[in-house]
Amino acid sequence: MVAPVLEVSHVFCCPNRVRGALSWSPGHGGLLAFGTSCSVVLYDPQKRVVVTNLNGHTARVNCLQWICKQDGSPSTELVSGGSDNQVIHWEIENNQFLKAVHLQGHEGPVYAVHAIYQQGAEDTGLHTLIVSAAADSTVRLWTKKGSEVTCLQTLSFESGFALAVCLSFLPNTDVPILACGDDDCRIHLFVQQDNQFQKVIFLCGHEDWIRGVEWATFGNDLFLASCSQDCLIRMWRLYIKSACSEAQDDNIRLKENTFTVESESTKITFAVTLETVLAGHENWVNAVHWQPSFYKDGVLQQPMRLLSASMDKTMILWAPDEESGVWLEQVRVGEVGGNTLGFYDCQFSEDGSMIVAHAFHGALHLWKQNTFNPREWTPEIVISGHFDGVQDLMWDPEGEFIITVGTDQTTRLFAPWKRKDQSQVTWHEIARPQIHGYDLKCLAMISRFQFVSGADEKVLRVFSAPRNFVENFCAISGHSLNRVLCDISQDGSLPEGATVPALGLSNKAVFQGDIASQPSDEEELLTSTGFEYQQVPFQPSLLTEPPTEDHLLQNTLWPEVQKLYGHGYEIFCVTCNNSKTLLASACKAAKKEHAAIILWNTTSWKQVQNLVFHSLTVTQMAFSPNDKFLLAVSRDRTWSLWKRQDTISPEFDPIFSLFAFTNKITSVHSRIIWSCDWSPDSKYFFTGSRDKKVVVWGECDSNDDCIENSIGPCSSVLDVGGSVTAVSVCPAFNSSQRYVVAVGLECGKICLYTWRKTDQVPEINDWNQCVETSQSQSHTLAVKKLCWKNCNGKAKPIEEEDGGDWLHLASCGEDHTVKIYRVNRCAL
């Protein structure tokens, strides 16, 4: 088999912050599907890897559901609904995308879907019955035969909304029944008669909006679990009403709601009663799910276990007591700490041995049942990532981890987890150095364990790794702690960790002496007045595996060591030179004086120089690999090149002077220039713009001492067919000594080109397109940053044994996703 030119090796993301955006496939080895931005992600919780992305929606995915097969084998089809007003039916084969069918007709965002397989009339085989609820106050029913989809019926809820839907079959019949949880606090039941769904009854009892409904079959009875914002879960029983039960009217019985259905020309009467009410949550109950049914000795078994997730930050597993049959709380799990608000959703694994919760900030929490003590559940490692657009990303100088910043106001650090017994290396979030109060915008690494971040505020903040992080990083990634500590700490006085004071924005360092022993309850009663704010203390802990979400929220902050004041508006971009001595930053600007670039000394943190040239925001800056030049590109559609002047003695800070620039006539680009990068030999630089063009400029001679130089385009203009939002040049050449250029587009696609100067006038055939990402490999929204891993770092490529010289490219996008690609250098 030929090795692919480009493959996705790692993906970091988390579910959208909506109810119902999570579904765990029943059947052995089931995949967890969740919506991330406009994409459906299929994740394997056993191997802890993203299997594939299903890209087809053009707006946020709000809900999805695997379609359960009747024989208990793993699902191969799922349905999803999104804010683009459409439902998509996906078919997968061998865990890869096979085909998608779009169901269009809703006039508002779709936020609840469900589907079942239905036996067709006259043995025409199975067809799929799909139900979807949308913000246009309608519920639509669709039937799919082969690849042909028809809309059977539209149920109108007038001024109300159906917030949850679920389909099943009436006991001992093949008549479908639909439950709709409504914002009128009632559950509406519809039954299919003569191909049309007719309302039979509604169930009253809840006192607030219904958030979840789900059917389960127990023998001849059908149970419906419903949950609501009134903090309660109600369980209803639907059964066939026998004629003889009419006579015994003396006993006090629960009120029955009855309805009659015609099935195969016989009339059957069904009754619905309230079975039980489960009270245990203290806030809205957002989701309720039965443990999936399974086949045992050819018989379908439905376990009597129910899982509920609530805004009170807990998830409860309910089951009936073996002796009395009363439903009781068996296990309660949840999250502690952090500024979170509870759970949106929950799911069982196919055998009920694992449960997953979807938290308010998008994070997933996974718990596994202890095989020896079934009442004990332990947290497990699960995928994590940003829950909003990812704005910037950097490899560490050694190429051993990546740091990302995003609009979700967090800075996250991802690194490989190397286990002794397994050859496969998986990447995980191992620290969250900054949890801020402003949207983060940009980032620059100053040294291996120090970075600067800029947010929607006027200050830049400098962070330094604490000792606890370095210890855990070495333990998880398999590095020698002593060697790493020698590299970073001259005086050995690293803080242990960091904590955020009450109402503060800055991470304060915590030193060895600050970690106080916790007072006993008795001492606390004597000393406390009851009014103090209990600051969450930092507790150092040595990890040998990636941390859970609770730990990330509290114990992985990095202390802030410096603030840099000088800009008048929100910081937009920042970069550091290759010798790590100078930092350049720029902010949002509509006037020339605000668009100045400020240079900072990275040891004294003093301002070195203001470079004034551009009239609008500088969008990106890059120092040349030899540190002789600084390049800036701007919203004013021009670039400027600054050359370092040699100073008399090395203790003086270098001075930069304007070396070359473009104006409206010479600029080539007709729209905002979003991105720029240098060739590894510092001869040429590349610019990418919204006008779909990528241009190479040069040659830049650092020995040229003229004051004003005209550096012009030295390539043909490359039209990539879409707005360019990111450009990155690989530090290594390809096998035929050509420059390797990655171009990220606004549509989410990434294209790889090679370029070489041909010395013809004009330049022709100097660009070669090598490969572009397929639909499942691409981002679904704009690519914000591309970054190649440094090839001469100490980190040896893990995949050397794969036969092939692999380059690594990291990308991040507005679709909340960070990806690491492997690129086969020999195939470029």
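All values reported here derive from a predicted model rather than from experimental measurement.

Colleague: Describe the sheet that holds strand 48 (residues 629-634), listing the residues and the values that go with them.
Modeller: Taken in spatial order, the four strands line up as 47-48-49-50 in an open sheet, and their pairing is antiparallel. Either end of the sheet is taken by a strand with one partner, and the two such strands are strand 47 (618-623) and strand 50 (655-661). Ignoring which end each strand starts from, the neighbouring axes of this sheet average 25° apart. As judged from the five bridges shared by strand 47 and strand 48, these two strands associate in the antiparallel manner. Considered in strand 48, the bridge of Met621 is made with Ala632.

Colleague: Provide a residue-level description of the sheet that holds strand 22 (residues 266-279), including the pertinent values.
Modeller: Taken in spatial order, the five strands of this open sheet run 18-19-20-22-21, and their pairing is antiparallel. Strands with a single pairing partner mark the edges of an open sheet, and in this sheet they are strand 18 (210-218) and strand 21 (257-263). Averaged over all pairs of adjacent strands, the angle between strand axes in this sheet comes to 25°, irrespective of strand direction. Here strand 21 runs beside strand 22; their pairing, made up of seven bridges, is antiparallel. Residue Ser263 lies in a different strand from strand 22, and its bridge partner there is Thr266.

Colleague: How would you sum up helix 1 (residues 467-477)? Please name residues and give values.
Modeller: Counting buried residues in helix 1 gives nine out of eleven residues, a clear majority hidden from the surface. What helix 1 keeps buried is the set Asn468, Phe469, Val470, Glu471, Asn472, Phe473, Cys474, Ile476 and Ser477. Just downstream of helix 1, Gly478 is the residue with a positive phi angle, here 75°.

Colleague: So what's going on with the environment of Arg375? Residues and values would help.
Modeller: Looking at the secondary structure, you find Arg375 in the loop between strand 31 (364-369) and strand 32 (377-380). Along the sequence, Arg375 and Pro495 sit 120 residues apart, while their C-alpha atoms lie 39 Å from each other. With sequence-adjacent residues up to four places away left out, Arg375 is seen in contact with Glu329, Gln330 and Val331. A distance of 3.1 Å separates a polar atom in the side chain of Arg375 from the backbone oxygen of Gln330.

Colleague: Let's hear about the packing of aromatic side chains: which residues, and what values?
Modeller: Summed over all chains, the structure comprises 34 aromatic pairs. Geometrically, the ring pair formed by Phe469 and Trp558 is tilted, given 5.0 Å between the ring centres and 55° between the ring planes. Of this pair, Phe469 sits in helix 1 while Trp558 sits in the loop between helix 4 (549-555) and strand 42 (560-564), and the two are 89 residues apart along the sequence. Ring geometry for Phe686 versus Trp755: centroids 5.9 Å apart, planes at 85°, classification edge-to-face. Placement of Phe686 in strand 52 (residues 685-689) and of Trp755 in strand 57 (residues 750-755) is noted, with a sequence separation of 69 residues between them. Neither residue differs from the other here; Phe686 and Trp755 are each classed as buried. Grouping aromatic residues by their ring pairs yields a cluster made of Phe401, Phe449, Phe451, Phe463, Phe469, Phe473 and Trp558. Geometry around Phe202 places Arg186 over its ring, the cationic atom sitting 3.8 Å from the centre. Between the NZ or CZ atom of Arg822 and the centre of the ring of Trp806, over which it lies, the distance is 3.9 Å.

What counts, and at which threshold
Residues numbered from 1 in each chain as written. Predicted model: local features only at pLDDT ≥ 70, side-chain atom pairs only at ≥ 80, totals over all residues. Heavy atoms only, no water. Pairing = 2+ DSSP bridges. Helix = DSSP H or I, 4+ residues; strand = E, 2+ residues; numbered from the N terminus. Axes fitted to C-alpha atoms, helices over the stretch in contact; angles between N-to-C directions. Buried < 20%, exposed > 50% of the residue type's maximum accessible area, 1.4 Å probe, protein only. Contact = heavy atoms within 4.5 Å. Polar contact = N/O pair within 3.5 Å; in protein donor to acceptor, adjacent residues only side chain to side chain. Phe/Tyr/Trp six-rings, centres within 6.5 Å; stacked < 30°, edge-to-face > 60°. Lys NZ or Arg CZ within 6 Å of the ring centre and 35° of its normal.

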